[in-house]
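# Architecture and fold: a report
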Number of protein chains: 2
Amino acid sequence: MDEKNKSRQAAMPSTLNERPTLKTIAFMTGLGITTVSRALKDAPDIGAETKERVRLVAKQVGYQPNRAGVRLRTGKTNVISLVLSLEEEVMGLTSPIVVGISEILASTGYHLVITPYRFSKDALAPVRYVLDTGAADGVIISRTEPNDPRVALMMERNFPFATHGRTEMGLAHPYHDFDNEGFAYEAVRRLAELGRKRIVLLQPPQHLTFHRHMRKGFDRAVRDFGLEAVPFNSVDIDNSLVDIRAAFETLMSDSDAPDGIVSGSGAGSIAVIAGLEAVGKRLKHDVDMVSKVPSDFLSWLRPEVITMNEDIRHAGRELAKAVLGRIAGTPAEELQSLSKAI
Amino acid sequence: MDEKNKSRQAAMPSTLNERPTLKTIAFMTGLGITTVSRALKDAPDIGAETKERVRLVAKQVGYQPNRAGVRLRTGKTNVISLVLSLEEEVMGLTSPIVVGISEILASTGYHLVITPYRFSKDALAPVRYVLDTGAADGVIISRTEPNDPRVALMMERNFPFATHGRTEMGLAHPYHDFDNEGFAYEAVRRLAELGRKRIVLLQPPQHLTFHRHMRKGFDRAVRDFGLEAVPFNSVDIDNSLVDIRAAFETLMSDSDAPDGIVSGSGAGSIAVIAGLEAVGKRLKHDVDMVSKVPSDFLSWLRPEVITMNEDIRHAGRELAKAVLGRIAGTPAEELQSLSKAI
DNA sequence: TCTAAAATCTGTAACGATACAGTAGACTTG
DNA sequence: CAAGTCTACTGTATCGTTACAGATTTTAGA
């Protein structure tokens, strides 16, 4: 202060066409860096005219906050992490979910980072990584289990997340889920309507939560409509198409083979069809089938199959909204949604 | 120095179970922060024993460099950005590419960030964003055009990137591409082998580079085998399945309809089949078809279709290796690959 | 007119890492 | 043994941002 030049905070104009920072704006407006920072976030202790001036200059020079600076100082990453299994490349499932999430994040400052893991047993590792390194502000996981350690961990650390699928731990957390119970019930109902009696279900693996939902809807409908559920546990929708096909070849060549099939996965349905056609059965004649599908390709090639669409892209949008909501502090209870087949 | 306590760089042990930083390790080892930093990157001016000690402690406390710190100081983001069109949700195409990229990045320190754009006309915007904000160390783009402004921009700025598909600008840059010329040639050859004479091509849109490749292979084969190419430009593989189906319904009901079809897209093939079957034609009888497919589902439901597989997941791996190579300074010429149908 | 309270604005320190310019001591060398 | 050279280590400044604790000016109050 007693020096001759007052040595303002924003002294030098740096170089020329570098990326503008708060310092650039501070220099151009003649204000302090702090003032500029606070003006841009509309703090109450900055004059209205000053704010306007700062905003104008900021826009003019195309200022965009440096993410690393913000992140270092505040810990806010502006990142949502989608935790994906590299195995579960189940036909076209991850693609639409990524698109759906992106659609929502596009209008926010958030980036989408894919955090992969290789084997189901390592599912906890990526979540732990994000939590330990603070790699993201929120996480989206899928393939939930009734008692999911990932959910337990994130709840315990009070970390924002949303799950594709529900859990059964008595903890309220954001989720989006497809109404698999409703799907299975409706599927069986349609088969009953067609006069089918012996129904089989190609179901999700036991350890995933939605196995229970689908099973529940299936069993209830079978009871309600006085049908018979054909026991079938040799394969589930996580098995390879080759295995599913083989299992259905065996099943359908049996003397008391089912005459109605509910398939919990579009990809699986393909193998199912191949299996039953291999033993000479024909859809609509010997057997009817209802399939859950993530896209409409099946109805083009086997219109005989009754399809019920699960809108994965919509799920992506809902999940993105849910994590963002959680980050913003919305109670988990208000961030839970269920969608029906369309 | 003349003070009584020498005030080392690493003075306080911070709190307890916070995330460890260089400071933590410096305190534990009694070394300076700089020394620790340099020891961990194996700098030549640090003693062997010291390095060992630092590494041990670092591992013990689970040290992981703070990305924001590194990024702020060095500008290195450790991020690869995959630029995706939200429109081009062409059946199951993006999913395997994401998986392939992830597989490679998993063993590096790189994260994968999805950078979407909404409409084809905005394709340049996300690239500009990444360049302007320094959001990533490398970029992967797809749907390249012969003269691609995105490529021009990144070359001009000397920014590492890899393209899924080639360009024709006389600039050497990393790419991975499917050998569409080879595919089309081979496809036509097989149709010729089956005695087909009048061949039609469901091709990529004109503005994309691989349109030319596929066209070239197709035309060359038609010439080589003395066949006839049926003109057909009303739809391309970017059109909706509904439109493709309608176009093929018209085409195939013509008196001089083609008896051989080459389809440049698996999803498109579905619509093609629906179209030709709608007018009473049957695969293998009235017409044969060869399709490029990203997965094997088609061969399950229409084994009559000859399929040639494009391994998108492999493309993802190659692209990831290519960008990383470019970042590491490998000449572009050594980072170009072409893959054949499998 | 003098003081208290607003209203605005600002410098400093810190987040975690690294580039750079040292420093201290041991070891050569002539 | 003085001077130079290595070896091994370290402090300072800095990247861009924000929390915090002032500082200055204006307005109000009495």
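Residues numbered from 1 in each chain as written. Chains lettered and ligands numbered in written order. Predicted model: local features only at pLDDT ≥ 70, side-chain atom pairs only at ≥ 80, totals over all residues. Heavy atoms only, no water.

Glancing now at the relation of the copies chain A and chain B. What relates the two chain copies is a rotation about an axis together with a slide along it. With an axial shift of 0.1 Å and an RMSD of 0.1 Å, the rotation relating chain A to chain B amounts to 180 degrees. Such values leave the two copies arranged in the relation of a two-fold axis. (Least-squares fit on C-alpha atoms with pLDDT ≥ 70 in both.)

Okay, the pairing of strand β4 (residues 161-164) of chain B next. Within a regular strand, the side chains alternate between the two sheet faces. All names here are of chain B. Residues of β4 alternate between two faces, with Phe161 and Thr163 on one and Ala162 and His164 on the opposite face, all of them buried. As paired elements, strand β3 (residues 138-142) and β4 share four bridges and run parallel to each other. When the sheet's bridge partners are listed, Ile140 is paired in β4 with Ala162. One crossover worth recording links β3 to the parallel β4 by way of helix α7 (residues 149-156), and it is right-handed. Of the pairings in the sheet, the one linking β4 to strand β5 (residues 175-178) comprises two bridges and is parallel in character. Opposite His164, over in β5, you have His176 as the bridge partner. (Buried < 20%, exposed > 50% of the residue type's maximum accessible area, 1.4 Å probe, protein only. Helix = DSSP H or I, 4+ residues; strand = E, 2+ residues; numbered from the N terminus. Pairing = 2+ DSSP bridges. Right-handed = clockwise from strand over helix to strand, strands pointing away.)

A word on the pattern of salt bridges. Scanning the entire structure with this criterion turns up 51 salt bridges over all chains. In this structure, Glu186 of chain A and Arg190 of chain A form a salt bridge, with 3.0 Å as the shortest nitrogen-oxygen distance. With Glu186 of chain A and Arg190 of chain A both in helix α8 (residues 180-193), this residue pair falls four residues apart, about one helical turn. By relative accessible area, which is 26% here, Arg190 of chain A ends up partly exposed. In this structure, Arg196 of chain B engages Asp288 of chain B in a salt bridge whose closest nitrogen and oxygen atoms are separated by 2.9 Å. Taken together, the residues Arg196 of chain B in the loop between α8 (180-193) and β6 (198-202) and Asp288 of chain B in strand β9 (residues 288-293) connect sequence positions 92 residues apart. As far as the burial class goes, Arg196 of chain B and Asp288 of chain B line up, both buried. One salt-bridge network, in which partners are shared between bridges, spans Glu186, Arg189, Arg190 and Glu193 of chain A. (Salt bridge = Lys/Arg side-chain N within 4 Å of Asp/Glu carboxyl O.)

Turning to the sheet that holds strand β6 (residues 198-202) of chain A, a few remarks are in order. Adjacent strands of a sheet form backbone hydrogen bonds with each other and so pair up, either parallel or antiparallel. All names here are of chain A. As summarised here, the arrangement of the five strands in space is β7-β6-β8-β9-β10, forming an open sheet in which the pairing is parallel. Edge strands, defined here as strands with exactly one partner in the open sheet, are β7 (228-230) and β10 (306-309). Looking at each pair of strands side by side, their axes are set apart by 20 degrees on average, direction ignored. Relative to β6, helix α9 (residues 209-224) is tilted by about 175 degrees, and along the sheet it contacts β6, β7, β8 (260-263) and β9 (288-293). Running over the sheet, helix α10 (residues 241-253) touches β6, β7 and β8 and is turned about 170 degrees from β6. (Axes fitted to C-alpha atoms, helices over the stretch in contact; angles between N-to-C directions. Contact = heavy atoms within 4.5 Å.)

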